[in-house]
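Report on the structure
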Amino acid sequence: GQQVMQIPQYQHVQEGEDFTTYCNSSTTLSNIQWYKQRPGGHPVFLIQLVKSGEVKKQKRLTFQFGEAKKNSSLHITATQTTDVGTYFCAGVSGAGSYQLTFGKGTKLSVIP
Amino acid sequence: NAGVTQTPKFQVLKTGQSMTLQCAQDMNHEYMSWYRQDPGMGLRLIHYSVGAGITDQGEVPNGYNVSRSTTEDFPLRLLSAAPSQTSVYFCASWYIRGTEAFFGQGTRLTVV
């Protein structure tokens, strides 16, 4: 079945440093989504990427979808303490699939 | 809008007991899923439904049953609780394939 791998599992950064998490799928994806889960909370949708090579920005967050539609990344510029949480990628594979398959997540800690 | 509502928020069961985790959404979403979240394991799909009367197994279905008699409700039944089912359970729904998933607040289940 489809597998979505995400690295690193943990990342500790000083406030103001940049942060990147990477996501790789074993199969070609029709789209990829990113979610953020605050400690003790539930996953909250951040963004969806659909097109090959797509790049989207949300303030300090930059999301990329690979040309082959099998990998993606989330980059945070100048982290803040409000960025603390676990970031998940989730992929939807080809036609006929209704499953949203999540990576294991990257837990971000920001040291003030 | 209430969104996705899960009950209860916390539950302690004894080994062998059965119970039902409730999930309801008021957004007229066709797709609903149950995930379990364990430390370092991300979100693993238990069961999902693509509409009333239609359910299918996900990655870790053993020990769980589901039914979808209405669009709004998607309960998850634990048949005979085991300590390995200690986890945080999330219900999610989305409108159509490839759109944003909305998560409930989660149910923290402990089996002793």
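The numbering scheme is per chain: residues are counted from 1 as the chain's sequence reads. Here chains are named by letter from A upward and ligands by number from 1 upward, in the order in which they appear as written. Confidence filtering applies because this is a predicted model: local features only for residues at pLDDT of at least 70, side-chain atom pairs given and counted only at 80 or more, and all residues used for totals across whole chains, interfaces and linings. Hydrogens and water molecules were not included; the side-chain quantities draw on all heavy atoms of the structure.

Looking now at the overall build of chain B. In terms of regular secondary structure, chain B is built from 0 helices and 11 strands. Per the convention used, a helix needs a DSSP run of H or I reaching at least four residues, while a strand needs a run of E reaching at least two, with both numbered from the N terminus. Along chain B, from the amino end to the carboxyl end, the secondary structure elements read β-β-β-β-β-β-β-β-β-β-β. Here the radius of gyration uses the C-alpha set of atoms, whereas the globule reference equals 2.2 Å times the residue count to the power 0.38. Relative to its length of 112 residues, chain B is compact, with a C-alpha radius of gyration of 13 Å against a globular reference of 13 Å. Areas reported here follow the Shrake-Rupley algorithm with a probe of radius 1.4 Å; residue values treat only the protein chains shown as occluding. With an accessible surface of roughly 5,200 Å², chain B has 50% of that area assigned to carbon and sulfur atoms. This count recognises Lys and Arg as positive and Asp and Glu as negative, with His and chain-terminal groups excluded. Throughout, a charge is located at the NZ atom of Lys, the CZ atom of Arg, the CG atom of Asp or the CD atom of Glu. Seen as two clouds, the 8 positive and the 8 negative side-chain charges of chain B have centres 10 Å apart.

A few words now on the overall build of chain A. Of the regular secondary structure elements, chain A holds 0 helices and 11 strands. The C-alpha radius of gyration computed for chain A amounts to 14 Å, which stays within 12% of the reference 13 Å derived for 112 residues, consistent with globular compactness. With the C-alpha coordinates of chain A rotated into their principal frame, the extents come out at 45 × 25 × 20 Å. Exposure classes here rest on a 1.4 Å probe applied to the protein chains alone. A residue is buried below 20% of its type maximum, exposed above 50%, and partly exposed in between. By residue count, 47% of the 112 residues in chain A fall in the buried class. Within chain A, contacts between residues separated by at least 24 positions form 54% of all contacts whose residues are at least 6 apart in sequence. Accessible surface computed for chain A: about 5,400 Å², of which carbon and sulfur atoms make up 51%. Note on definitions: a residue-residue contact is assigned when non-hydrogen atoms from the two residues lie within 4.5 Å.

This part takes up the pattern of salt bridges. All names here are of chain B. Salt bridge, as applied in this entry: a Lys or Arg side-chain nitrogen positioned within 4 Å of an Asp or Glu carboxyl oxygen. This model, assessed by the stated rule, comprises 4 salt bridges over all chains. Here Arg44 and Asp38 are joined by a salt bridge, their closest N and O atoms 2.8 Å apart. Of the two residues examined, Arg44 and Asp38, each falls in the buried class. Because the salt bridges share partners, they merge into one network encompassing Arg36, Asp38 and Arg44.

So, on to the interface of chain B and chain A. If you look at the interface, chain B gives 21 residues, while chain A gives 24 residues. Two parts placed together each lose some accessible area; with a 1.4 Å probe, that loss summed over both constitutes the buried area. Summed over both partners, the interface of chain B with chain A comes to about 1,800 Å²; 57% of that surface belongs to carbon and sulfur atoms. Linking chain B with chain A are 0 salt bridges, by the criterion used here. Under the rule applied, a polar contact is a pair of N or O atoms within 3.5 Å (in protein, one hydrogen donor and one hydrogen acceptor; residues adjacent in sequence only if both atoms are side-chain atoms). Linking chain B with chain A are 4 residue pairs in polar contact (both at pLDDT 80 or more), by the criterion used here. Only Asp, Glu, Lys and Arg are considered charged, only Ala, Val, Leu, Ile, Met, Phe, Trp, Tyr, Cys and Pro nonpolar, and every remaining residue, Gly among them, polar. Tallied by class, residues from the side of chain B that touches chain A come to 11 nonpolar, 8 polar and 2 charged.

Attention now goes to the state of the cysteines. Residue and element names in this part refer to chain B. In this description, the term disulfide denotes a pair of cysteine sulfurs within 2.5 Å. In total, this model carries 2 disulfides over all chains according to the counting rule given. A sulfur-sulfur separation of 1.9 Å characterises the disulfide bridge that pairs Cys23 with Cys91. Judged by the sign of its S-S torsion, about -70°, the bond between Cys23 and Cys91 is left-handed. Of this pair, Cys23 sits in strand E3 (residues 19-25) while Cys91 sits in strand E9 (residues 87-94), placing them 68 residues apart in sequence. One exposure class covers both Cys23 and Cys91, and it is buried.

A separate point is the packing of aromatic side chains. Only Phe, Tyr and Trp rings are paired, with Trp represented by its six-membered ring, and only when their centres lie within 6.5 Å; those with planes under 30 degrees apart are stacked, over 60 edge-to-face, the remainder tilted. In this structure the tally under the stated criterion is 12 aromatic pairs over all chains. An angle of 85° between the planes, with centres 6.2 Å apart, marks the rings of A:Phe88 and A:Phe102 as edge-to-face. You can see A:Phe88 sitting in strand E9 (residues 85-92) and its partner A:Phe102 sitting in strand E10 (residues 101-102), a full 14 residues away along the chain. For the pair shown, A:Phe88 and A:Phe102 are each scored as buried. Taking the centre distance of 6.3 Å and the plane angle of 80° together, the rings of B:Phe90 and B:Phe103 count as edge-to-face. With B:Phe90 in strand E9 and B:Phe103 in strand E10 (residues 102-103), this residue pair connects regions lying 13 residues apart in the sequence. With relative accessibility at 6%, the residue B:Phe103 sits in the buried group.

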